[in-house]
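Architecture at a glance
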Amino acid sequence: MKKKIVTVMFGVLFAAGILSGCGKSGKSDTKLTIWTNMSVEADTIQKYADEWGTANGYEVEIVHQSPSVQQFAQAVKSDSGPDAVIGIPNDQLADYVNASLAAKVPEGLYTDSDFSDAAIQACYVNGERYAAPLSVETTTLFYNTDLVTEVPATWEELVEQAAVSGGVQFDATSIYYDLGFVRACGGYIFQYQGGAYDTSDIGLANEGAVEAYGFINDLYSKYHVISNDVTADIARSNFQNGKCAYYIGGPWDIDGFTSAGTHFAVCEMPTFHGAPFVTPVGTQISFVSSESDRQDKAWELIMYLIDHGALDMYEAGDRIPAKLSDQNMDAIQNNEYSQAFITQINNGEPMPTVSEMGQLWGIFTNNIRSMWAGELTVEETAGNIVRQLQEAIELMNSGK
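Residues numbered from 1 in each chain as written. Predicted model: local features only at pLDDT ≥ 70, side-chain atom pairs only at ≥ 80, totals over all residues. Heavy atoms only, no water.

Observations concerning the environment of Gln74
In this structure, Gln74 sits in helix α3 (residues 69-75). Owing to a relative accessible area of 55%, Gln74 belongs among the exposed residues under this scheme. With 85 residues separating them in the primary sequence, Gln74 and Val159 have C-alpha atoms 51 Å apart. (Helix = DSSP H or I, 4+ residues; strand = E, 2+ residues; numbered from the N terminus. Buried < 20%, exposed > 50% of the residue type's maximum accessible area, 1.4 Å probe, protein only.)

Some remarks on the confidence of the model for the protein
In this model, the protein carries an average pLDDT of 91, and 93% of its residues clear a pLDDT of 70 or more. Of all secondary-structure elements in the protein, the lowest mean pLDDT belongs to helix α1 (residues 2-20), at 37, while helix α11 (residues 295-308) reaches the highest, 98. Predicted confidence for residues 1-25 stays below pLDDT 50, and this span has 16 contacts to residues more than four positions away or in other chains. (pLDDT = per-residue confidence, 0-100. Contact = heavy atoms within 4.5 Å.)

Some details on the nonpolar core
Soluble globular proteins tend to bury their nonpolar side chains together. By size, the foremost hydrophobic cluster in this structure holds 72 residues, and its most contacted members are Phe142 and Phe287. When residues of this core are assigned to their parent elements, the largest contribution, 7 residues, is made by α11. With 58 residues, the next largest nonpolar core counts Ile189, Ala209, Phe215 and Ala245 among its residues. (Core = buried A, V, L, I, M, F, W, Y, C linked by side-chain atoms within 4.5 Å.)

What to know about the sheet that holds strand β7 (residues 140-144)
In spatial order, the strands read β8-β11-β7-β12; together these 4 strands make up an open sheet with mixed pairing. At either end of the open sheet lies a strand with only one pairing partner, and these are β8 (168-169) and β12 (264-267). Alignment of β7 against β12, held across 4 bridges, turns out to be antiparallel. Looking at β12, one finds that Tyr143 is bridged to Ala265. Contacts from helix α9 (residues 232-240) reach β7, β8, β11 (246-249) and β12, with the element oriented near 130 degrees to β11. (Pairing = 2+ DSSP bridges. Axes fitted to C-alpha atoms, helices over the stretch in contact; angles between N-to-C directions.)

Structure (structure tokens):
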């Protein structure tokens, strides 16, 4: 009988010993699993994770994964589930927050003023910080140096010039590219104040928005500088092959144009309606799982990468750092393309970090196409966009 008792007690103690070295999920207390959506930069992230891990007594596994909320929700329940995600587009953050999968940023982890305004705005959901900004990108104006000797200061002048010098191409049916026209005239998607978006306050049919749609309509019907069959891919190809004078694109286009031998330069967007042209700033953000038992260490690792890995991340994937002091590094200061994008980023803002934003894309495109087809007036286009967006949001929320 005594032997059985001793055996049972040994088993209990052995199990307790195993569990004492593990977190809630059974993973070692000294291991972090990090998912990243960044494929080109994954090795660089692993390099800095190893540096941090060696200094802090942790093993860090970087897993290249393009996560969905559903995948993440399932994975965090497993032994090998992620403690954090490094490098996903900021427009996905709200979905994780709404699913209670993202932890709030600890007080004092970083100072907002150290980063680009747009990057910080991208890290807030419902007035609370849930992420740290890693890198930023936006679109701006490319021009063919064989066709253009001087870029006009305003969009109003640019379209006059483009009408006789080869046109300007971009997907003008997309709010992603049209945002600057709308914002310059006083329109907006959702009202933003105090770190939160009011999705019931839609500014896509106010007087300014109507004026912006009128100009977008003129691009098609009056100046004939764009056409309704031009997608972003077609515009990129046409500019690369010298078939248009101007193109709206991002830093991801530079390697292709350079390899193709396109003669081009990049500059800040011309003003419109007497105001700076606001472009959407995409921020690669990092967040920590609300289910992780090692949240503090995960945040430490994220900040280590931000504070020490900016140059290597830039050299690996042309990622412009979100931290303002890092934008002054010689490698970035001496790159004329990066400087043009940084200037434009300072005029930009993120697309609203709310799940409701997903309802707008198709609605906006379809109504712009109908306007160009003569099926809707400019005013009817504005009204339709807001009415249909309100209906879509109501339907979306009714299923919650």
